[in-house]
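# Descriptive analysis of the structure
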Amino acid sequence: MAEKPIIIILLGPPASGKGTQADRIQEELGIPHIASGDLFRDHISRETDLGSRAKSYIDRGDLVPDQLTIDMVAERISRKDTKKGAMLDGFPRTIVQAKALDELLAKSKKELIGVLYFSVPDEVLVERLSGRRICPVCGRSYHVKFYPPEQPGVCDVDGAELYQREDDRPETVRQRLNVYREQTSPLIDYYRTRGLLIEIDGDQPIDHVTEDILSAINSL
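Anyway, here's the lowdown on the structure attached to this text. Because the structure is a prediction, the values reported are computed rather than measured.

### Some thoughts on the state of the cysteines
Within this structure, the stated rule accounts for 0 disulfides. C135 forms no disulfide, and the closest cysteine sulfur to it belongs to C138, at a distance of 3.6 Å. Residue classification places C135 among the buried residues on the basis of a relative accessible area of 1%. For the unlinked cysteine C155, the closest cysteine sulfur is that of C135, found at 3.7 Å.

### What to know about a negative patch on the surface
On the surface, E123, E199, D201, D203, E211 and D212 cluster together into a patch of negative charge. If you list the elements that add at least two residues to the negative patch, you get β7 (197-201) and α9 (206-218). With respect to the helices and strands, the residue D212 is situated in helix α9.

### Description of the packing of aromatic side chains
What the rule picks out here adds up to 2 aromatic pairs. Measuring from centroid to centroid gives 5.5 Å for Y142 and Y147, while their planes differ by 10°, and the two rings are stacked. Since its relative accessible area comes to 2%, Y142 is described here as buried. Ring geometry for Y190 against Y191: centres 5.0 Å apart, planes inclined by 80°, an arrangement best described as edge-to-face. With a relative accessible area of 18%, Y190 lands in the buried category. Among the residues examined, Y191 registers a relative accessible area of 0% and is labelled buried. One residue, R60, lies across the ring of Y57, its end atom 5.1 Å from the ring centre.

### Observations regarding the environment of L29
The residue L29 is located in helix α1 (residues 18-29) in this model. C-alpha of L29 to C-alpha of A86: the two residues are 57 residues apart in sequence and 9.0 Å apart in space.

### Concerning the sheet that holds strand β1 (residues 6-11)
Reading across the sheet, the 5 strands line up as β2-β3-β1-β4-β7 and stay open at both edges, with parallel pairing between neighbours. A strand with exactly one partner marks an edge of an open sheet, and here the two such strands are β2 (33-35) and β7. Averaged over all adjacent pairs, the angle separating strand axes in this sheet is 25°, with direction ignored. As paired elements, β2 and strand β3 (residues 85-89) share 3 bridges and run parallel to each other. When the sheet's bridge partners are listed, I34 is paired in β3 with L88.

### Considering unusual backbone geometry
The step from F91 to P92 runs through a cis peptide bond, and the omega angle for that step is 0°. Within the fold, P92 resides in the loop between β3 and α5 (95-108). In this structure, A15 is a non-glycine residue whose phi angle is positive, near 70°. One non-glycine residue with positive phi stands out, namely E47, at about 55°. Mapped onto the secondary structure, E47 falls in the loop between α2 (36-45) and α3 (49-60).

Reading guide: rules and limits
Residues numbered from 1 in each chain as written. Predicted model: local features only at pLDDT ≥ 70, side-chain atom pairs only at ≥ 80, totals over all residues. Heavy atoms only, no water. Disulfide = S-S within 2.5 Å. Buried < 20%, exposed > 50% of the residue type's maximum accessible area, 1.4 Å probe, protein only. Patch = residues over 30% accessible without salt bridge, like charges linked within 9 Å, V, L, I, M, F, W, Y side chains within 5 Å. Areas by Shrake-Rupley, 256 points an atom, 1.4 Å probe, with all protein chains shown as cover. Salt bridge = Lys/Arg side-chain N within 4 Å of Asp/Glu carboxyl O. Lys, Arg positive; Asp, Glu negative; His and termini not counted. Charge placed at Lys NZ, Arg CZ, Asp CG, Glu CD. Helix = DSSP H or I, 4+ residues; strand = E, 2+ residues; numbered from the N terminus. Phe/Tyr/Trp six-rings, centres within 6.5 Å; stacked < 30°, edge-to-face > 60°. Lys NZ or Arg CZ within 6 Å of the ring centre and 35° of its normal. Pairing = 2+ DSSP bridges. Axes fitted to C-alpha atoms, helices over the stretch in contact; angles between N-to-C directions.

In short, the description is geometric, and any link to function would need to be established separately.
Given below as structure tokens:
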């Protein structure tokens, strides 16, 4: 790997496994996992101005406008815990954001060493997202197929009735995928032409995906 602070981008549609994999490998790499979705949810839960504006887009399955995302990520990668670098999950999502990131990295003297593109069929993504259920009390996440509660529709921890987020409903999921294809897919070509794109098969067991990622990163 490069000796200077490194940046790795995790690129792929909703539910392609980017967040799960980043959480598994961040300790081994010694760099934080920065997920734009987590940043937005934090602001939404605290009902900040940015959170309120972002929520209106997220609930419709649309992408949050570039400038809102750029400002938030710029502040995040300036913190001390990114001294060795970071993994970016959910950013950039557009060519405009990618070029803004190039400028941010040049100023902060961090180097983009690779873009891991998670490839997963649409039908698998819809199943993954539309089956998710959340506990309104403790926030625990379940899946009707892959991680069901002991009693259908009820949280194992506190007995609360589980709910489906608006952006996890099948019709909204398909809209999110359409938005992804229209606005985010061009990034694949953008980074491929720069020799930075590495395709990861996200439709395989989690451990296998992790092995593929670590192998790819170690070869950089």
